[in-house]
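Now for the letters of each chain:
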Amino acid sequence: MGFEADAYYLVKGELLPEAIQKTVEAKQLLAKGEVRTVQEAVERVGLSRSSFYKYKDGIFPFNAMVKSKIVTISLTLEHRSGVLSQVLRHLAEHGGNVLTIHQTIPLQGVANVTMSVDTVYLNTDVTRLIDGLQELDGVSRAMLVGSGE
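Remember, predicted model here, so these are calculated numbers, not experimental data.

When the terminal C-alpha atoms of helix α1 (residues 18–32) are compared, their 21 Å separation across 15 residues agrees well with the 21 Å that a helix rising 1.5 Å per residue should span. Considered for burial, the residues of α1 that qualify are Ile20, Lys22, Thr23, Val24, Ala26 and Leu29. Turning to α1, the residues buried within the fold contact α2 (38–45) and α3 (49–55). Downstream of α1 by one or two residues, Gly33 has phi in the positive range, about 80°.

Set out below in C-alpha cells:
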C-alpha cells in the first residue's frame, strides 16, 4: 500500500510540525478577522510567509471540514447604490463567507443575485439569516435555493 501523498489523514494536532500548527493559527486569525493581512497573521504567530503559503491550502481543522456547508441564496435587489453592500455586510456580520456572486444586469429597476455562501462560521441559523436579508431596505426577495457540502 504505502504512503499516499494526495490522500487526507486525520492527525492529532500536537503531532504536527510547528510550521503547520502555526499555519493553522494564522488561518484562524484571518478567518476571525483578528488580522487583515497574511503578513500580520504570520508575524503574530511567528511564521514565515513562505511557510504559510506552502501549507495553507493543505491543512484544515477537522471540525471545519465536517461542519462546512455551502448554501445558495437567490435575491431580488432594487437597482440602487449600496443595496448589495448591505447584503454583504449582513452576511459578514453573521459569519457567512461569500464564495461566489452572480448578478444579472438590472432590468426594470431590479437585479437578480445568486450567491454561494459558506456557513461554517455562521453565528445564527440559515433561516434567520435569510429572514434578516429579506428585511433589508432594497431587498425585494431573499430565499434559500440550495444547500450542500
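Now for the environment of Leu84. If you trace the backbone, Leu84 turns up in helix α5 (residues 83–93). Remark: the alpha-carbon pair of Leu84 and Val139, spanning 55 residues in sequence, is separated by 8.7 Å. Leave out the neighbours within four places in its chain, and Leu84 touches Leu77, Gln103 and Met115.

Formed by 17 residues in total, the largest nonpolar core has its most connected members in Ile73, Leu75, Val87, Leu91 and Leu133. When contributions to this core are tallied by element, the ones reaching two or more residues are β1 (70–78), α5, β3 (110–118), α6 (126–134) and β4 (139–148). Of all the elements, β1 adds the most residues to this core, at four residues. Once residues lying within four places of it in the same chain are set aside, the contact partners of Ile73 are Leu91, Val113, Thr114, Met115, Val117, Leu129, Ile130, Leu133, Met143 and Val145. Core analysis: the next-biggest nonpolar cluster, separate from the first, contains nine residues, Ala26, Ala41, Val45 and Phe52 among them.

For any two helices packed against each other, one specifies the inter-axial angle together with the distance between the axes. At a minimum axis distance of 9 Å, the contact between α1 and α2 shows a crossing angle of 130°. Considered as vectors, α1 and α2 are oriented oblique to each other. Relative to α2, the crossing made by α1 is right-handed. Facing Lys22, Glu25, Ala26, Leu29 and Leu30 of α1, the residues of α2 in contact are Val38, Ala41, Arg44 and Val45. Residue composition of the contact of α1 with α2, grouped by class: six nonpolar, no polar and three charged.

Another point: α2. Along α2, the residues classified as buried are Val38, Ala41, Val42 and Val45. Within α2, the buried residues cover an arc of 90° as seen down the axis, which keeps them to one side. Facing away from the buried side of α2, by more than 90 degrees, are the exposed residues Glu43 and Arg44. Residues of α2 that are buried sit in contact with α1 and α3. Once α2 ends, the next one or two residues include Gly46, with phi positive near 75°.

Residue position: Ser48 is located in the loop between α2 and α3. On a C-alpha basis, the gap between Ser48 and Lys22 in space is 9.6 Å, while along the polypeptide they are 26 residues apart. For Ser48, the side chain forms a polar contact with the side chain of Ser50, separated by 3.2 Å.

Calculation notes
- Residues numbered from 1 in each chain as written.
- Predicted model: local features only at pLDDT ≥ 70, side-chain atom pairs only at ≥ 80, totals over all residues.
- Heavy atoms only, no water.
- Helix = DSSP H or I, 4+ residues; strand = E, 2+ residues; numbered from the N terminus.
- Expected span 1.5 Å × (residues − 1).
- Buried < 20%, exposed > 50% of the residue type's maximum accessible area, 1.4 Å probe, protein only.
- Contact = heavy atoms within 4.5 Å.
- Core = buried A, V, L, I, M, F, W, Y, C linked by side-chain atoms within 4.5 Å.
- Axes fitted to C-alpha atoms, helices over the stretch in contact; angles between N-to-C directions.
- Parallel < 35°, antiparallel > 145°, perpendicular 65-115°, else oblique.
- Left-handed = near helix turned anticlockwise from the far one by under 90°.
- Nonpolar A, V, L, I, M, F, W, Y, C, P; charged D, E, K, R; others polar.
- Arc of directions from axis to C-beta.
- Polar contact = N/O pair within 3.5 Å; in protein donor to acceptor, adjacent residues only side chain to side chain.

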